[in-house]
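Overview (structure and organization)
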Amino acid sequence: MDLRIFTEPQQGATYDTLLTVAKATEDLGFDAFFRSDHYLRMGTSDGLPGPTDAWITLAGLARETKRIRLGTLMTAGTFRLPGVLAIQVAQVDQMSGGRVELGLGSGWFEEEHKAYGIPFPKEKFARLEEQLAIITGLWATEVGSTFTYDGTYYQLTDSPALPKPAQTKVPVLIGGHGATRTPRLAGQYADEFNIPFASIEDSERQFGRVRAAAEQAGRASGDLVYSNALVVCVGKDDEEVKRRAEKIGRDVEELKVNGLAGSPAEVVDKLGRYAAIGSERVYLQVLDLADLDHLELIASQVQTQL
C-alpha cells in the first residue's frame with residue numbers, strides 16, 4: 001500500500017511551510033505530496049497568513065523536489081476554465097519531469113467563492129463532466145492536429161491542444177461519495193478513484209459501484225487504482241496521541257473511529273483492513289504541518305510495516 005501525504009494549506013500555511021513538508025515527504029520515503037485546492041479556511045482556524053494557490057504551489061515544488069508525485073485532492077472545477085487548467089497541469093508536469101497527477105472535482109465550498117468573487121454555478125456536476133472530456137481530449141490530441149468541443153457550457157474551436165504533459169498520460173483522480181454520477185464519471189475518465197474520510201464499509205460499497213461503472217464503460221475494473229483519504233494522528237504512546245489530537249482540535253476516540261489514530265500498531269492494523277477491501281493507496285491528511293516528528297514516526301513505524 002502506498003502512503004501519500006495530504007495537506008490542507010487553507011487552514012494556514014506559507015509556501016515555505018509546504019516546501020518543508022514536501023521535502024520531508026520525499027526524504028522519508030513517502031510516495032507523494034498532495035494538497036487541497038481552497039481559498040478560504042474552514043472551522044475555527046484563523047487561516048493566517050492566507051491562502052496559497054494549488055497549482056502555483058505545485059509548480060514551485062516541481063522544481064524543488066526530485067522523486068515524489070505531486071497533485072491535488074481535488075482541484076475545484078469552479079476555479080478554472082478547462083482549457084486553461086489543461087495548460088497549467090501540462091506545464092507543471094513538464095517542470096516536474098512527469099510527476100504530476102490531477103485530482104478534479106466539481107467544487108463545493110460556496111463561501112470561498114463569495115469571498116473571492118468566483119462564480120458558483122448551479123450545474124457544477126454537468127460542468128465537471130465537460131471539463132473532464134475537454135482536459136483529457138486536449139492531452140490526447142496528436143501534435144499537429146486540433147481539438148474542437150461543442151458542449152453546453154464550454155466550446156473550443158480548432159485548439160492546437162498544446163502544450164503536452166511530459167507523461168504520456170497524466171493520471172486523473174476522481175472521488176466522492178455519490179452513488180450514481182460519481183462512479184459513472186470515474187468509470188469513464190479516472191485512473192484512480194478516491195473516497196475521502198469514509199469507513200471501511202462505505203469504502204467497500206463505493207469501490208464496488210466504481211468497479212461496476214468501469215465495466216459498464218468497457219474497461220476492466222482493475223484499470224483503476226482505489227484509494228482512501230483519512231486524517232492521521234499517530235503517537236508512540238497514549239499521551240503523544242492525545243497531545244497531537246488536541247493540537248488539531250480533535251478527540252482521540254473520534255479519530256480512531258473516523259481516521260487513522262493511535263499507536264503505530266493500531267494504525268497498521270486499520271490500514272490492513274482497508275487493504276483487505278481493495279484500497280491500494282491512502283492519503284494521510286496531516287493537519288499540523290509544523291510537526292515533522294509526526295511524519296518521521298509514520299515513516300519509520302507505520303510505512304515500514306506495510
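Everything here concerns the structure above.
Quick summary incoming for the structure in this document. (Residues numbered from 1 in each chain as written. Predicted model: local features only at pLDDT ≥ 70, side-chain atom pairs only at ≥ 80, totals over all residues. Heavy atoms only, no water.)

Here we look at the overall build of the protein
This is how the line gets drawn: Here a strand is any run of E in DSSP of at least two residues, a helix any run of H or I of at least four, and the numbering for each starts at the N terminus. C-alpha atoms define the radius of gyration, and 2.2 Å times the number of residues to the power 0.38 defines the globule rule. Whether two residues are in contact is decided by their heavy atoms, any of which lying within 4.5 Å being enough. Note on areas: Shrake-Rupley with a 1.4 Å probe; residue coverage comes only from the protein chains shown. Here the positive residues are Lys and Arg and the negative ones are Asp and Glu; neither His nor the chain ends is included. Every charge is mapped to an atom, namely NZ of Lys, CZ of Arg, CG of Asp or CD of Glu.
Looking only at helices and strands, one finds 11 helices and 12 strands in the protein. The C-alpha radius of gyration computed for the protein amounts to 19 Å, which stays within 12% of the reference 19 Å derived for 306 residues, consistent with globular compactness. Counting contacts in the protein only where the partners sit at least 6 residues apart, residues at least 24 apart contribute 73% of the total. Of the roughly 13,500 Å² of accessible surface on the protein, 50% is carried by carbon and sulfur atoms. Looking at charge distribution, the protein has the averaged site of its 32 positive side-chain charges lying 2 Å from that of its 43 negative ones.

Examining the pattern of salt bridges
Formally: By salt bridge we mean one thing: a side-chain nitrogen of Lys or Arg within 4 Å of a carboxyl oxygen of Asp or Glu. Here the term buried applies to any residue with accessible area under 20% of the maximum for its type, exposed to any over 50%, and partly exposed to those in between, with areas from a 1.4 Å probe on protein chains only.
Tallied over the entire structure, the rule returns 20 salt bridges. A salt bridge links Glu-129 to Arg-184; the nearest nitrogen and oxygen atoms lie 2.8 Å apart. Here Arg-184 lies in helix α6 (residues 181–189) and Glu-129 lies in helix α5 (residues 124–140), a separation of 55 residues in the sequence. Judged by relative accessible area, Glu-129 falls into the partly exposed class, the value being 24%. Using a relative accessible area of 38% as the deciding quantity, one classes Arg-184 as partly exposed. Arg-205 is the salt-bridge partner of Asp-202, the closest N and O atoms lying 2.7 Å from each other. Of this pair, Asp-202 and Arg-205 both sit in helix α7 (residues 200–216), separated by three residues, roughly a single helical turn. The partly exposed category is assigned to Arg-205, whose relative accessible area is 46%.

Structural notes on unusual backbone geometry
Each neighbour pair has its own omega, and for Leu-48 with Pro-49 the value is 10 degrees, a cis peptide bond. Mapped onto the elements, Pro-49 comes out in the loop between β2 (32–35) and α2 (54–64). Cis geometry is adopted by the peptide bond preceding Pro-163, which originates at Leu-162 and carries an omega value of 0 degrees. In this fold, Pro-163 is placed in the loop between β7 (155–159) and β8 (172–175). A positive phi angle, close to 50 degrees, is found at Asp-158, a residue other than glycine. Tracing the sequence through the fold places Asp-158 in strand β7. Phi is positive for Phe-197, close to 55 degrees, though the residue is something other than glycine. With respect to the element layout, Phe-197 can be found in the loop between β9 (192–196) and α7.

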